[in-house]
Amino acid sequence: MKGLLAGVAVDIQHVGSTAVPSIHAKPILDVVVGVRKLEDILAYKAVLEQSGVVFRGEDVKGQLLFVMGDFEKDVRTQHIHV
């Protein structure tokens, strides 16, 4: 992810239950990508999609959601919150 978003990401962090050692967690990695301006990430949509990352829109006010997974089996493996 860092390589794909090098021009826009100011910080990338693994968050959520899978980031906490020794606890039972859902099998989905949550990643937060910090950007200076939210709209800056939209220029990277095509690059992300070419890498299997799907844009899901604004799931929370002021936050964009991208997801990865096996969509033929309806399985998400990663949530990328921007």
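Whatever comes next refers back to the structure up there.
Structural notes, computed from the coordinates. Here the residue index of a chain counts from 1 through its sequence in written order. Under the rules for a predicted model, residues below a pLDDT of 70 receive no local features and side-chain atom pairs below 80 are neither given nor counted, while totals for whole chains, interfaces and linings still include all residues. Excluded from the side-chain calculations are hydrogens and water; all other atoms, namely the structure's heavy atoms, are used.

Quick look at the overall build of the protein chain
Reasoning step 1: The helix and strand labels rest on DSSP assignments: H or I over at least four residues marks a helix, E over at least two residues marks a strand, and numbering proceeds from the N terminus. Scanning the protein chain from N- to C-terminus turns up 1 helix and 5 strands.
Reasoning step 2: Secondary structure of the protein chain in N-to-C order comes out as β-β-α-β-β-β.
Reasoning step 3: Oriented by its inertia axes, the alpha-carbon framework of the protein chain measures out at about 35 × 30 × 25 Å.
Reasoning step 4: The burial tally for the protein chain puts 24% of its 82 residues in the buried class. Think of it in three bands: residues with accessible area under 20% of the maximum for their type are buried, residues over 50% are exposed, and the middle band is partly exposed, with areas taken using a 1.4 Å probe on protein chains only.

Describing the pattern of salt bridges
Reasoning step 1: By convention in these notes, a salt bridge is any Lys or Arg side-chain nitrogen within 4 Å of a carboxyl oxygen on Asp or Glu. Overall, the coordinates contain 1 salt bridge when judged by the stated rule.
Reasoning step 2: For K26, the salt bridge goes to D30, with nearest N and O atoms at 2.7 Å.
Reasoning step 3: Residue K26 is classed as partly exposed on the basis of its relative accessible area, which comes to 36%.

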